[in-house]
Amino acid sequence: MKNILTSIKIAVLTILLSADPFNLHAGGEPFKISLNLNESDSFRMKVIIQTPKIDLPKVRFIIPSNVPGCISELKTGKLFSDIKAYDIDNHEIEVKRMSINEFDIYPSKKLVRIEYYVHDSWHYDDPAIIMRQLGTSFIKGKQFLLNFHAIIGYIEGYEDYNYKLEITRPVTLSGSSSIMLRKGINTDSADAANYLALLDNPVMYTRNREAGYIVGKTHYHICLYSENDSVKMQEINKILKTVCEGVDEFCGGLNVKDYYFLVNYVNPAHNKVVSEEEYGAVEHSGSSVYYFSEGSGRFKILRDIQYTSAHELFHLFEPLNIKTDLTSKLNMRAKMQTENLWLYEGFTEYFSLLMQYQKDLISEQEFIMEIRNKISLAQYFEPYSLTQQSEKCYLEGNEKSYQDFYLKGALVAMMLDLKLIKLSKGTMDLKSLMIDLKNNTRLNYVIKDEAVIPEMVKYSYPEVQEFFDSYVKGTKPIDYNEFLSTVGWKYEVQKIDTERLFVNATYRYTKASKEYYVTNITLDQMGMREGDVLVAVNGKPVTKENLQSLLEKYSDRNSSKEVVFSIKRNGQDMDLTGSPLTVTRNQKNIIMVEKKVSNEKKTYRKKYSSGGLHKNKAYKD
């Protein structure tokens, strides 16, 4: 679970289906799945599964309790009802429920078809039964989100069989999916190599046509559903394109030909959303599913999709997908207890922020603000070993601890990055270490789960072992100044100061429009509102390069005169003015950029902010 901007984003590890010793039928007849969206009513849909020939006296029909992206046991079987099985003569044969997610069918030698009804999860009595990004939505004639683990079960031992999918739909709806739908006039079809491939390719139908663009080697497709049509494709498209361009440049391209953003904006009043933490996204190998509120302001809508999509795309960055004996397999009945979630989620989160900073999607002050927020939020968790907590967090009752991998895990990644820059005198950073590790292991190389840290030490410096022992395996509090000082940044736990302020707010930069939005207003003498665009200060146009100096000059310690802030609000130009107030502020977890630093720190700061790492060109005094 990922908590950023009060959103949850769930990520999927790179996985392979574990080999089953009694799966003797791979390559036989396919399972044929029939869905008719036209007949869906009251958020229910009939599912028909035609089975291949099965030569067993009894089979077990299973609805997964664990799929990539979930952080606790799924009880999806609650959504399934009226499960019936039929033989070749269309006679009903016995189905016995063994647990909430498992059913026995016998005599199965005659089994040819399974039929049942499934309710969507968004409109179920308990919509929190599955996180909405992993769930389903059946809105007749408007929108269908098909996450197949919550629609189609599998027969134990037959997971490696091919699946043929046939979806009958209204002619007014268009489908999008990385499964590569073959689109007919009113029926779409697709093939999946096995059950896991079916789960890895959700399908979404809406009235809107796809938008998209090509960045690098990847064709990105966007499918958008907005319940009240208040979120427009043009704006979402702009934001996602800047993110994809940044990720592509940072990662040197992604190894995926086609990628699908399945984006949903809903009216929270109609969807029983209890808290902001229910919003977010889940990543698949060729797509990601998003669930957000369309009731947020324009600024928040754009900011959330930028930060969330950046994180999800970084799960495709191959150096972060280290395969271990635990993460390379999927047990659809139970979680495997890897000790490396701090890396899979923490490093991914950190790189997604670093990319936005280095590729001008966010300003230096915004990047620092994100790090400060993580320090503050991480302090709410008890000190614990990241490796030990990783092994326990999937157990019932420990779900909330998952959030800290996006907090402390990301902070550990940043401090390790700065440590490597200093140790190497600017020739190595965390990104280059992970690339080196990836390049020096053979394709599909699998290591022991406990060997991840030794491998990272092996390809870097012996001193890195002490870092891992202290902050990842151990519970030692991070000395932020030890690492931040590498680039001339200074950390203070608490700071009390007096300033003259016109506005105390956060200014968020958006590369797509090259504008600064005003948000998090805590003091305002001007009449600012959340989401206002700051255009100029005293007639001087605001740019990414000069904003901080303008604010320091006019709205901070140095001015007692009235200042004109030119803004744009809902497309209208306005001038705001007022007198400053003297304010005493008590701030926590401050990170300051020191103005006078050594040439060494200037060099490292430039390399860090630009990503301009140069091998064999160490800093020299």
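Quantities reported herein were computed from a predicted structural model and do not represent experimental measurements.

Engineer: How would you sum up the pairing of strand S21 (residues 280-283)? Please name residues and give values.
Structural biologist: With burial as the criterion, each face of S21 is covered, one bearing Gly280 and Val282 and the other bearing Ala281 and Glu283. Pairing between S21 and strand S22 (residues 287-293): 4 bridges, direction antiparallel. Bridge assignment links Val282 to a residue of S22, and that residue is Val289. Hairpin remark: S21 followed by S22, antiparallel, with 3 residues in the connecting loop.

Engineer: Describe the sheet that holds strand S4 (residues 44-50), listing the residues and the values that go with them.
Structural biologist: Two orientations exist for strands paired in a sheet by backbone hydrogen bonds: parallel and antiparallel. In spatial order, the strands read S12-S5-S8-S7-S6-S9-S4-S3-S13-S16-S15; together these 11 strands make up an open sheet with mixed pairing. Each end of this open sheet is capped by a strand with a single partner; those strands are strand S12 (154-155) and strand S15 (182-183). The pairing of strand S3 (residues 31-36) with strand S13 (residues 163-168) spans 6 bridges and is parallel. The residue bridging Phe31 from the neighbouring strand is Tyr163, located in S13.

Engineer: Break down the sheet that holds strand S11 (residues 143-146) for me, citing the residues and quoting the values.
Structural biologist: The antiparallel open sheet is built from 4 strands, whose spatial order is S10-S11-S17-S14. On the outer flanks of this sheet lie strand S10 (137-139) and strand S14 (174-176), each paired with one strand and no other. Shown here is a sheet whose adjacent strand axes are inclined to one another by a mean of 15°, direction ignored. Note that S11 and strand S17 (residues 203-206) share 3 bridges and pair antiparallel. Each bridged residue has a counterpart across the sheet, and for Leu146 the counterpart in S17 is Val203.

Engineer: Explain the pattern of salt bridges residue by residue, including any values.
Structural biologist: What the rule picks out here adds up to 23 salt bridges. Here Glu235 makes a salt bridge to Arg298, at a shortest N to O gap of 2.4 Å. On the criterion of sequence distance, the pair formed by Glu235 in helix H2 (residues 233-251) and Arg298 in helix H3 (residues 298-314) is long-range, its members being 63 residues apart. With relative accessibility at 42%, the residue Arg298 sits in the partly exposed group. Taking the shortest distance from any N to any O, the salt bridge between Glu366 and Arg303 comes out at 3.3 Å. Placement of the pair is Glu366 in helix H5 (residues 364-378) and Arg303 in helix H3, with a sequence separation of 63 residues. Arg303 shares its class with Glu366; the two are buried. Overlapping salt bridges bring together Lys58, Arg60, Glu102 and Asp104 as one network.

Engineer: An account of the state of the cysteines is needed here, citing residue identities and associated values.
Structural biologist: Using the criterion set out here, one finds 0 disulfides in the structure. Left without a disulfide partner, Cys251 is nearest to the cysteine sulfur of Cys244, which lies 11 Å away. The buried category is assigned to Cys251, whose relative accessible area is 13%.

Engineer: Tell me what's going on with helix H4 (residues 341-358), and back it up with residues and numbers.
Structural biologist: Taking 1.5 Å of rise per residue, 18 residues should cover 26 Å, and H4 covers 25 Å from first to last C-alpha, within 8% of that figure. Counting buried positions along H4 yields 18 of 18 residues, so the element is predominantly enclosed.

Engineer: Which residues make up the packing of aromatic side chains, and what values do they have?
Structural biologist: Per the counting criterion, the structure on display carries 41 aromatic pairs. Pairing Tyr509 with Tyr516 gives two aromatic rings, centres 5.3 Å apart and planes at 55°, and the pair type is tilted. Ring-pair connections join several aromatic residues into one group, and the members of that group are Tyr213, Tyr220, Tyr259, Phe261, Tyr265, Tyr290 and Phe292. Over the ring of Tyr86 we find Arg113; its NZ or CZ atom is 4.4 Å from the centre of that ring.

Engineer: So what about the packing of H4 against helix H8 (residues 430-439)? Which residues, and what values?
Structural biologist: Put simply, H4 and H8 touch, their axes get as near as 12 Å, and they point 130° apart. Of the possible angle classes, the one that applies to H4 and H8 is oblique. For the crossing formed where H4 meets H8, the hand is left-handed. Each of Leu343, Phe347, Tyr350 and Phe351 in H4 lies in contact with H8, whose residues at this interface are Leu430, Lys431 and Met434. Residues of the contact of H4 with H8, tallied by class, amount to 6 nonpolar, no polar and 1 charged.

Engineer: Account for unusual backbone geometry, naming residues and giving values.
Structural biologist: For the bond from Tyr106 to Pro107, the omega torsion is 0°, close enough to zero to count as cis. By the element assignment, Pro107 lies in the loop between strand S8 (102-106) and strand S9 (111-119). One non-glycine residue, Asn90, adopts positive backbone phi at about 65°. Its place among the elements puts Asn90 in the loop between strand S6 (80-87) and strand S7 (92-99). The backbone phi angle of Asn520 is positive, close to 55°, even though this residue is not glycine.

Basis of the calculations
- Residues numbered from 1 in each chain as written.
- Predicted model: local features only at pLDDT ≥ 70, side-chain atom pairs only at ≥ 80, totals over all residues.
- Heavy atoms only, no water.
- Buried < 20%, exposed > 50% of the residue type's maximum accessible area, 1.4 Å probe, protein only.
- Helix = DSSP H or I, 4+ residues; strand = E, 2+ residues; numbered from the N terminus.
- Pairing = 2+ DSSP bridges.
- Axes fitted to C-alpha atoms, helices over the stretch in contact; angles between N-to-C directions.
- Salt bridge = Lys/Arg side-chain N within 4 Å of Asp/Glu carboxyl O.
- Disulfide = S-S within 2.5 Å.
- Expected span 1.5 Å × (residues − 1).
- Phe/Tyr/Trp six-rings, centres within 6.5 Å; stacked < 30°, edge-to-face > 60°.
- Lys NZ or Arg CZ within 6 Å of the ring centre and 35° of its normal.
- Parallel < 35°, antiparallel > 145°, perpendicular 65-115°, else oblique.
- Left-handed = near helix turned anticlockwise from the far one by under 90°.
- Contact = heavy atoms within 4.5 Å.
- Nonpolar A, V, L, I, M, F, W, Y, C, P; charged D, E, K, R; others polar.

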